[in-house]
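The chain contents come next:
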Amino acid sequence: MFKIPDRVADLFGDHGIRVEFERALIAAGQLESYEQKYFEVCSFSEAARITYRQLVDFDRASLTDEQQELVAGAKALAHRLITAGYAIDAAAKADQGVIDDWPQLLAFVQQKCAARVGLPGHEGWERCFTYIIGRCEEVIQPSRLPDDRGAASAVLRHFASFFPRDAGFERAWWIEVPDAD
């Protein structure tokens, strides 16, 4: 199945996202110059973990509106990239690939995630879900590699699992994933 060391980087890794993380950490004053050198060369997943750890309890109140949006988006994106990695790993261990009803799963996730945009306590959510779900939509297409499709399916199932009691949720989509630490 898809047992490649950094599946999150394979699916979601992007120089632009790494730069976004770096800009957010700098705006928040959470990246020292000696740390910046490591941040530039570490794995994509490690960059997400560093970003999340540094921003998880950061108070954005002193930042400009633009910086607050940047930091909130980077924190939310880093958080869900970490848990996406956990979902990919859980599906790989269970030898679960892409599910047959992936179009319904994708539509469910898009609808439910879009409804959370702008809700209190969900700052940065739009940036997070548009990037991750957008990449999953690209990768889950039948023309793509089975391992990539399986990983994208696992991430979509993870996002669907935020809404297990909502109409339209299918029990087969449930995937148990720990939260980022």
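Okay, so let's go over this structure. (Residues numbered from 1 in each chain as written. Predicted model: local features only at pLDDT ≥ 70, side-chain atom pairs only at ≥ 80, totals over all residues. Heavy atoms only, no water.)

## Overview of the overall build of the protein chain
Step number 1: On a plain count of helices and strands, the protein chain comes out with eight helices and zero strands.
Step number 2: Against the 2.2 N^0.38 benchmark of 16 Å for 181 residues, the protein chain shows a C-alpha radius of gyration of 16 Å, consistent with a compact globule.
Step number 3: In terms of principal-axis extent, the alpha carbons of the protein chain reach across some 45 × 35 × 25 Å.
Step number 4: Considering the protein chain as a whole, with its 181 residues, one finds that 48% of them fall into the buried category.
Step number 5: Of the roughly 9300 Å² of accessible surface on the protein chain, 49% is carried by carbon and sulfur atoms. (Helix = DSSP H or I, 4+ residues; strand = E, 2+ residues; numbered from the N terminus. Rg over C-alpha atoms; globule rule 2.2 N^0.38 Å. Buried < 20%, exposed > 50% of the residue type's maximum accessible area, 1.4 Å probe, protein only. Areas by Shrake-Rupley, 256 points an atom, 1.4 Å probe, with all protein chains shown as cover.)

## With respect to the environment of Glu 35
Step number 1: Checked against the element boundaries, Glu 35 lands in helix α3 (residues 33-41).
Step number 2: Under the relative-accessibility criterion, Glu 35 is labelled partly exposed at 26%.
Step number 3: Residues Glu 35 and Leu 156, 121 residues apart in the sequence, show an inter-C-alpha distance of 33 Å.

## A few points about the packing of helix α2 (residues 15-27) against helix α5 (residues 65-93)
Axis angle and axis distance: for two packed helices, these are the angle between their axes and the distance between the axes, and together they describe the pair.
Step number 1: Where α2 meets α5, the closest approach of the two axes is 9 Å, and the angle between their N-to-C directions is 125°. One finds that α2 runs oblique with respect to α5. In this structure, α2 crosses over α5, and the sense of that crossing is left-handed. Side by side, α2 and α5 meet where Ile 17, Glu 20, Phe 21, Arg 23, Ala 24 and Ala 27 of the first sit next to Gln 67, Leu 70, Val 71, Ala 74, Leu 77, Ala 78 and Leu 81 of the second.
Step number 2: By residue class, the composition of the contact of α2 with α5 is ten nonpolar, one polar and two charged. (Axes fitted to C-alpha atoms, helices over the stretch in contact; angles between N-to-C directions. Parallel < 35°, antiparallel > 145°, perpendicular 65-115°, else oblique. Left-handed = near helix turned anticlockwise from the far one by under 90°. Contact = heavy atoms within 4.5 Å. Nonpolar A, V, L, I, M, F, W, Y, C, P; charged D, E, K, R; others polar.)

## What to know about the packing of aromatic side chains
Step number 1: All chains considered together, the criterion is met by ten aromatic pairs.
Step number 2: Their ring planes at 75° and their centres at 6.3 Å tell us that Phe 162 and Phe 163 sit as a pair that is edge-to-face.
Step number 3: Here a set of aromatic residues connected by ring pairs shows up, and it is made of Phe 108, Trp 125, Phe 129, Phe 159, Phe 162, Phe 163, Phe 169 and Trp 173.
Step number 4: The ring of Trp 125 has Arg 116 sitting right over it, with the charged end atom 4.8 Å from the ring centre. (Phe/Tyr/Trp six-rings, centres within 6.5 Å; stacked < 30°, edge-to-face > 60°. Lys NZ or Arg CZ within 6 Å of the ring centre and 35° of its normal.)

## Describing the nonpolar core
Step number 1: Phe 12, Phe 21, Leu 81, Val 109, Ile 132 and Phe 159 are the most contacted members of the largest nonpolar core, which has 55 residues in total.
Step number 2: When contributions to this core are tallied by element, the ones reaching two or more residues are α1 (7-12), α2, α4 (44-55), α5, α6 (102-116), α7 (125-139) and α8 (146-160).
Step number 3: Element by element, the count of residues in this core is highest for α5, at ten residues.
Step number 4: Once residues within four sequence positions are removed from consideration, Ile 132 is found in contact with Phe 12, Leu 77, Arg 80, Leu 81, Val 155 and Phe 159.
Step number 5: Counting five residues, the second largest nonpolar core, distinct from the first, contains Ala 87, Ala 91, Ala 154 and Ile 175. (Core = buried A, V, L, I, M, F, W, Y, C linked by side-chain atoms within 4.5 Å.)

## What about a negative patch on the surface?
Step number 1: On the surface, Asp 65, Glu 66, Glu 69 and Glu 126 cluster together into a negatively charged patch.
Step number 2: Broken down by element, the residue count for the negative patch peaks at three residues, all from α5.
Step number 3: Here Glu 126 shows up in helix α7.
Step number 4: Judged by relative accessible area, which is 46%, Glu 126 ranks as partly exposed. (Patch = residues over 30% accessible without salt bridge, like charges linked within 9 Å, V, L, I, M, F, W, Y side chains within 5 Å. Salt bridge = Lys/Arg side-chain N within 4 Å of Asp/Glu carboxyl O. Lys, Arg positive; Asp, Glu negative; His and termini not counted. Charge placed at Lys NZ, Arg CZ, Asp CG, Glu CD.)

## What about unusual backbone geometry?
Step number 1: A positive phi is found at Asp 95, a non-glycine position, where the angle reads about 55°.
Step number 2: Structurally, the position occupied by Asp 95 is in the loop between α5 and α6.

## Side note on the environment of Tyr 52
Step number 1: Mapped onto the secondary structure, Tyr 52 falls in helix α4.
Step number 2: Owing to a relative accessible area of 8%, Tyr 52 belongs among the buried residues under this scheme.
Step number 3: Taking the C-alpha atoms as reference points, Tyr 52 and Ala 91, 39 residues apart in sequence, are found 23 Å from one another.

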